[in-house]
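Descriptive structure summary
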Amino acid sequence: MSDSDISPFTVICVGSSFAFSALFYHLYKQKREEIQKLKAIPKFQPNEELLKIVKSSQHKYLQYVAIEGHVQPDGEPLASQYVPRCFGVIQRVAVQEHWKVWNSIMKTWAHTRKNRKESTNTVPFSLASSSSAVAVRVTSPLQASGLHLETVHQRVREPQEGLVGLMVQGLSGEKPAGLEESEELLRVGAMATGFGELVLEQGRVLKLIPPRDGREYILVATDYRGFMQKHEGSASMWKVLTAAFGIAGAVLLALAIYKAYWKQKDRRAD
């Protein structure tokens, strides 16, 4: 069987399939290692038992733990600017201009965005449990990674065009397409999980702070189980892709060898 019996296109497809399979397997292994490290992190809920554990520790702190609880403001919460009776402890408000720009080559209007203005506000808050008076204060939440806020308002306001505005647009080749408003909140009462260093201050005040040993400070707007399920789902995805591309490569290789074998057999018969 010679190399010419297998087309270059087939070689590329087979090689690409195995290469992608190897890449996805590497990503799968990385994710599995990350999951095992996450599972090894002690997980607690704010309660008297946690307070006793920290009090009994040598330096009154736990180096790296996961704390799961309901979001509770330490004082007055932030009120939504758009939704009545909606409160949070972290608020992100953004305004984005939508414009249409005339493309003289394509003779069409192209959509673009510019002049984005964004503001973020926070108030002190804790993670608490409904079954205990103990709460864990979350410090420097904006330094944490992984936090995706809930979108409570999103709207695009249509522009109001006057005669003067239309004239300017004709000269400049630009016209407003709308003004997008959005508001995101970490809502009061929502379940959240934080990963960081837990310290005890003033004998009873528990605080979750960014780890001083350099590990990642994480705050996610979900419970611990949901956080782990997301990582498990990601690992499963890489596993399926590894198998799919590996099988595809094997099938393509088998077909190529099969076709090449019969081509060579036909030539010998002739």
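Now for a description of the structure that goes with this document. Remember, predicted model here, so these are calculated numbers, not experimental data.

Right, let's get into the nonpolar core. One finds Leu-50, Ile-67, Phe-125, Leu-198 and Leu-206 to be the most contacted residues of the largest nonpolar core, which totals 28 residues. Looking at this core, the elements with two or more residues in it are helix H2 (48-56), strand E2 (61-73), strand E4 (87-103), strand E6 (125-128), strand E7 (135-138), strand E10 (191-201) and strand E11 (205-209). Of all the elements, E2 adds the most residues to this core, at four residues. Setting aside its immediate chain neighbours within four residues, Leu-206 contacts Leu-50, Leu-51, Val-54, Val-134, Ala-135, Val-136, Arg-137, Leu-198, Val-199 and Leu-200. Core analysis: the second largest hydrophobic core is formed by 13 residues, Tyr-64, Ala-66, Tyr-224 and Phe-227 among them.

Quick look at unusual backbone geometry now. One non-glycine residue, Lys-60, adopts positive backbone phi at about 60°. Positive phi outside glycine occurs at Ser-140, with the angle close to 45°. Checked against the element boundaries, Ser-140 lands in the loop between E7 and strand E8 (150-157).

Before going further, it helps to examine the environment of Lys-31. Along the polypeptide, Lys-31 turns up in helix H1 (residues 8-39). The class for Lys-31 is buried, based on a relative accessible area of 15%. Along the backbone, Lys-31 and Val-95 are 64 residues apart, and their C-alpha atoms lie at a distance of 36 Å. Apart from residues lying up to four places away in sequence, Lys-31 is in contact with His-231, Ser-234, Ala-235 and Trp-238. A polar contact is formed between the side chain of Lys-31 and the side chain of Glu-34, at a distance of 3.1 Å.

Turning to the side chain of Ser-129, a few remarks are in order. Mapped onto the fold, Ser-129 is located in the loop between E6 and E7. Among the polar contacts made by the side chain of Ser-129, one reaches the side chain of Ser-131 at a distance of 3.1 Å. Those residues in contact with Ser-129 that lie beyond four places of it in its chain are Pro-46 and Val-134.

This next bit is on the pairing of E2. As defined by bridge partners, strand E1 (residues 43-44) adjoins E2 across two bridges and the pair is classed as parallel. Paired with Phe-44 across the two strands is Ile-67, which belongs to E2. Relative to E10, E2 runs antiparallel, the two being bridged by eight bridges. Looking at the pairing, Leu-62 lines up with Leu-198 of E10. Pairing geometry for E2 and E6, over four bridges, is antiparallel. Considered in E6, the bridge of Gln-72 is made with Ser-126.

In this section: the packing of aromatic side chains. Pairs of aromatic rings are described using the distance from one ring centre to the other and the angle between the two planes. What the rule picks out here adds up to eight aromatic pairs. Judged by centre distance (5.5 Å) and plane angle (45°), the ring pair of Phe-20 and Phe-245 falls under tilted. Highlighted residues: Phe-20 in helix H1 and Phe-245 in helix H4 (residues 224-269), separated in sequence by 225 residues. Ring plane angle 65° and centroid distance 5.3 Å describe the contact between Trp-102 and Trp-109, whose orientation is recorded as edge-to-face. Look at Trp-102 and you get partly exposed, because its relative accessible area is 37%. Its relative accessible area of 37% is what places Trp-109 among the partly exposed residues. Through a chain of ring-to-ring contacts, three or more aromatic side chains come together here, namely Phe-20, Phe-24, Trp-238 and Phe-245. Over the ring of Tyr-61 we find Arg-212, and its NZ or CZ is 5.5 Å from the ring centre.

So, on to the pattern of salt bridges. When their charged atoms lie close together, side chains carrying opposite charge are able to pair. This model, assessed by the stated rule, comprises twelve salt bridges. We note a salt bridge from Arg-32 to Glu-232, for which the minimum N-O separation is 2.9 Å. Taken as a pair, Arg-32 in helix H1 and Glu-232 in helix H4 lie far apart in primary sequence, 200 residues in all. Between Glu-118 and Arg-92 there is a salt bridge, with the nearest N and O atoms lying 3.7 Å from each other. Linking Glu-118 in strand E5 (residues 108-122) with Arg-92 in strand E4, this pair joins segments that are 26 residues apart in sequence. Salt bridges linked by common partners bring Arg-92, Arg-116, Glu-118 and Glu-184 together as one network.

What follows covers H1. End to end, H1 covers 46 Å across 32 residues, agreeing with the expected 46 Å (1.5 Å per residue, within 8%). Taken as a whole, H1 has its buried residues at Val-14, Ser-17, Ser-21, Phe-24, Tyr-28, Lys-31, Ile-35 and Leu-38.

Rules behind the numbers
Residues numbered from 1 in each chain as written. Predicted model: local features only at pLDDT ≥ 70, side-chain atom pairs only at ≥ 80, totals over all residues. Heavy atoms only, no water. Core = buried A, V, L, I, M, F, W, Y, C linked by side-chain atoms within 4.5 Å. Buried < 20%, exposed > 50% of the residue type's maximum accessible area, 1.4 Å probe, protein only. Helix = DSSP H or I, 4+ residues; strand = E, 2+ residues; numbered from the N terminus. Contact = heavy atoms within 4.5 Å. Polar contact = N/O pair within 3.5 Å; in protein donor to acceptor, adjacent residues only side chain to side chain. Pairing = 2+ DSSP bridges. Phe/Tyr/Trp six-rings, centres within 6.5 Å; stacked < 30°, edge-to-face > 60°. Lys NZ or Arg CZ within 6 Å of the ring centre and 35° of its normal. Salt bridge = Lys/Arg side-chain N within 4 Å of Asp/Glu carboxyl O. Expected span 1.5 Å × (residues − 1).

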